[in-house]
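Structural features, examined
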Amino acid sequence: MDSQLRRGLLEALVLKVLSYGDSYGYQIVKDVSPYLEITESTLYPILRRLENVGKLTVYSVEHNGRLRKYYRITNLGHEGIQLFVQEWKEVTEIYEFIKRGKRNE
Amino acid sequence: MNSLKGENAMNKELFLQQLRVRLQYLPPLEQQRTLSYYEEMIADRMEDGISEQEAVAALGPIENIVKDTYEDLGFTQLLQANMRMNTTNKISDKILIALIIFITAPFWLTFAVLAFSILISIAAVIFSLFIAFVAVIFAFGISAIACLAAFVIFIIHGQPLAALFVFGLMLVVAAITIALAPTIPTVGRGTMKVVKEIFRSAKKPLADRVGGKNEK
């Protein structure tokens, strides 16, 4: 898959997962994996990029004697999800058309 | 029973140590954050019941982590990282290097300015193409309005043929405007993407250099 495309999809997936509730790195990897292959090293730049553009915030919570970073989606992040849905509506229409067997199906 | 062979079975401390060395050219804060992140990932996996070696292995090859980390830096941060790669700790070396940099300034400054201005010019050309695109659509829109005005004037002056002609013209021009205007946001986003790609590929040699294997 084109790497830019994959990055865009992963960003949207991460935001969507966070829209269901604050989460931490490993849990995000588990939640996104069923939809698109993701590793810790691909997730990290995505989390940082989303934080840099203000689509999510980070905070620390103590867990079993160590600090665990939690991520929370922002309003800007929610808007990002909307934008993704709008853009991809067109993509699905194109996909449906190309998938057609005969011309008038 | 651990199914991983000796070479690949790395433990957490060794992994983090290697990662710290490879990431040494990052700004200290970024370094710390990145290391904490991977340490946290390993700990979380181990909590899930995965063994230490498998948790480390699950992070993938250290090369990928290093590459992704450096490639994701901004231009200025990447330049700083490259500069950090060049520094030495001996005072005499530092003085010598400062002297050389100063003396050869006309050469590398010229080159740096040239390289950067080429990059900026390419971005500027692409942007101006986009602005021209928007301006043309705008001009079409204005023309449609002008045709409407002309149409009204011709009607008032009792020149139906001229009015009809101008009306037809207005329809064509308006149609073009209405067809093209909605594409502006998409074209705009596409333009941004192209410019970002150009800067991204310019960063790649810097990222490769600072992320490459080093035995320091």
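Just so it is clear, the model here is predicted, and its values are computed rather than measured.

Scanning chain B from N- to C-terminus turns up nine helices and zero strands. Buried residues in chain B amount to 27% of all 216 residues. If you take every contact in chain B between residues at least 6 apart in sequence, the share linking residues at least 24 apart comes to 74%. A total accessible area of about 13,800 Å² is found for chain B, and carbon and sulfur atoms account for 72% of it.

Right, let's get into the interface of chain A and chain B. Listed per partner, the contact involves 25 residues of chain A and 22 residues of chain B. Interface area, chain A with chain B, both sides summed: about 2,100 Å², of which 41% is carbon and sulfur. Contact with chain B buries area across many residues of chain A, yet Tyr26, Glu40 and Tyr44 of chain A alone supply 33% of it, more than any other trio. The interface formed by chain A and chain B holds ten salt bridges in total. A salt bridge links Arg66 of chain A to Asp44 of chain B; the nearest nitrogen and oxygen atoms lie 2.7 Å apart. Residue assignment for the side of chain A that touches chain B shows that the elements contributing at least two residues are helix 1 (3-19), helix 2 (25-32), helix 3 (40-52), strand 3 (66-73) and helix 4 (75-99) of chain A. A total of nine residues in the side of chain A that touches chain B trace back to one element, the largest contributor, which is helix 3 of chain A. Of the residues belonging to the side of chain A that touches chain B, the class tally is ten nonpolar, six polar and nine charged.

Parameters at a glance
- Residues numbered from 1 in each chain as written.
- Chains lettered and ligands numbered in written order.
- Predicted model: local features only at pLDDT ≥ 70, side-chain atom pairs only at ≥ 80, totals over all residues.
- Heavy atoms only, no water.
- Helix = DSSP H or I, 4+ residues; strand = E, 2+ residues; numbered from the N terminus.
- Buried < 20%, exposed > 50% of the residue type's maximum accessible area, 1.4 Å probe, protein only.
- Contact = heavy atoms within 4.5 Å.
- Areas by Shrake-Rupley, 256 points an atom, 1.4 Å probe, with all protein chains shown as cover.
- Buried area = accessible area lost by both parts, 1.4 Å probe.
- Salt bridge = Lys/Arg side-chain N within 4 Å of Asp/Glu carboxyl O.
- Nonpolar A, V, L, I, M, F, W, Y, C, P; charged D, E, K, R; others polar.

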